[in-house]
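# Examination of the molecular architecture
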Amino acid sequence: MRRRTIATTTVLFVCATTALTACSGSGSGTAAKDSTTPSAPAAVSPAAAAAASKGPDADLTGGQILTDSLKVTRQATSLHLKADIADPKEGASKMDLSLNSKGDCTGTIAQGKDTIGIIKISKTVYLRPQGTSKWTKTDTASADGKDLASVCDLNNFLGGFQGEDTEAKKGAATKVDGHPAIVLTEKDGGEAYTMDVATSGKPYLLKMVTVGGDSPGTLTFSHFGEPVHAVAPTRSSIAA
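Report on the accompanying structure. Counting from 1, residues in each chain are numbered in the order their sequence is written. Under the rules for a predicted model, residues below a pLDDT of 70 receive no local features and side-chain atom pairs below 80 are neither given nor counted, while totals for whole chains, interfaces and linings still include all residues. In computing side-chain properties, one takes all heavy atoms of the structure into account and sets aside hydrogens as well as water.

### Quick notes on the sheet that holds strand β2 (residues 91-100)
Condition: When DSSP finds at least two bridges between two strands, those strands are taken to pair. In DSSP terms, a helix is any run of H or I states spanning at least four residues, a strand is any run of E spanning at least two, and both are numbered starting from the N terminus. Under this scheme, a helix contributes an axis fitted over its contacting stretch, all axes are lines through C-alpha atoms, and angles between N-to-C directions fall in the 0 to 180 degree range. It only takes one pair of heavy atoms within 4.5 Å for two residues to be counted as in contact.
The strand order across the open sheet formed by 11 strands is β6-β5-β4-β3-β2-β1-β11-β10-β9-β8-β7, and the pairing between neighbours is antiparallel. Two strands lie at the open edges of the sheet, namely β6 (136-139) and β7 (169-176), each paired on one side alone. The mean inter-strand angle of the sheet, taken between neighbouring strand axes irrespective of direction, is 15°. Bridge count between strand β5 (residues 124-129) and β6: four bridges; the pairing is antiparallel. Along β6, the bridge assignment pairs T124 with D139. Together, β7, β8 (179-188), β9 (191-198) and β10 (205-211) form the strand contacts of helix α3 (residues 62-74), whose direction differs from that of β8 by roughly 110°.

### Here we look at the pattern of salt bridges
Here is the rule: Criterion for a salt bridge: a side-chain nitrogen of Lys or Arg within 4 Å of a carboxyl oxygen of Asp or Glu. Here's how the labels work: a residue is buried when its accessible area is under 20% of the maximum for its type, exposed when over 50%, partly exposed in between, all with a 1.4 Å probe on protein chains only.
Counting across every chain of the model gives one salt bridge. Taking the shortest distance from any N to any O, the salt bridge between D84 and K94 comes out at 4.0 Å. On the criterion of sequence distance, the pair formed by D84 in strand β1 (residues 78-87) and K94 in strand β2 is long-range, its members being 10 residues apart. On the basis of relative accessible area, D84 is assigned to the buried category, the value being 19%.

### Some words on the state of the cysteines
Defined as follows: We call a pair of cysteine sulfur atoms a disulfide whenever their separation is within 2.5 Å.
Taken as a whole and assessed by the stated rule, the structure comprises one disulfide. The side chain of C105 participates in a disulfide bridge whose partner is C152; the two sulfur atoms lie 1.9 Å from each other. You can see C105 sitting in strand β3 (residues 105-111) and its partner C152 sitting in the loop between α4 (143-149) and α5 (154-158), a full 47 residues away along the chain. Looking at C105, the relative accessible area reads 0%, which means it is buried. Owing to a relative accessible area of 1%, C152 belongs among the buried residues under this scheme.

### What to know about α3
Let me state the cut-off plainly: Here a helix's expected span is defined as the number of its residues, less one, multiplied by 1.5 Å.
With 13 residues, α3 ought to run about 18 Å at 1.5 Å a step, and its terminal C-alpha atoms sit 18 Å apart, in line with that. Of all the residues in α3, the buried ones are G62, G63, I65, L66, S69, L70, V72 and T73. Among the structural elements, α5, β7, β8, β9 and β10 are those in contact with the buried residues of α3.

Next up, the structure:
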């Protein structure tokens, strides 16, 4: 689960940020070192673990909880994604996107100091670099449009969420943006993972923090199944 999930995310970031540099016109290819690299997961106290063990997932192992969560999350038809990934080659990359299984999306993607707004509706892509007032209209057949639109492929992104043989351990009860959750932790070599799984409603994966490895960072997920309001810019705000 862990490597496939992070690998899928990193591929989407690389494709998007490669085109982002060209669209923004900076061409620097260099981003400032990410100063918000997540710290190692805190140890769970026995009291907190005991409290969590009395919750709705008391009879399940950490691995079972995570496997169920990833299965449910893969079935999401839409969600809101916030991501902050530190890549030593590409620099710090960020996303703030609402996207659905049809490939529609709206939000922003960024690498270093370069940020671009994106709206994708069917095969049409609108792009607006930060600091400009006009949107550029393109489509998924163009080079930039294809690369940037790849971040809107929810089905491809969620396809990396696998974890049938996970050895995740149960931790404390917590909340993610007000939603009750249980903390799961897991290690793989030099990488450590903290995953918050919802304990109310469907057991969606709400947050994942990766420490160490090639792509440390944080992913948060919300607004599962809600409409994605990807609306085309007004004609006057689109560059000729």
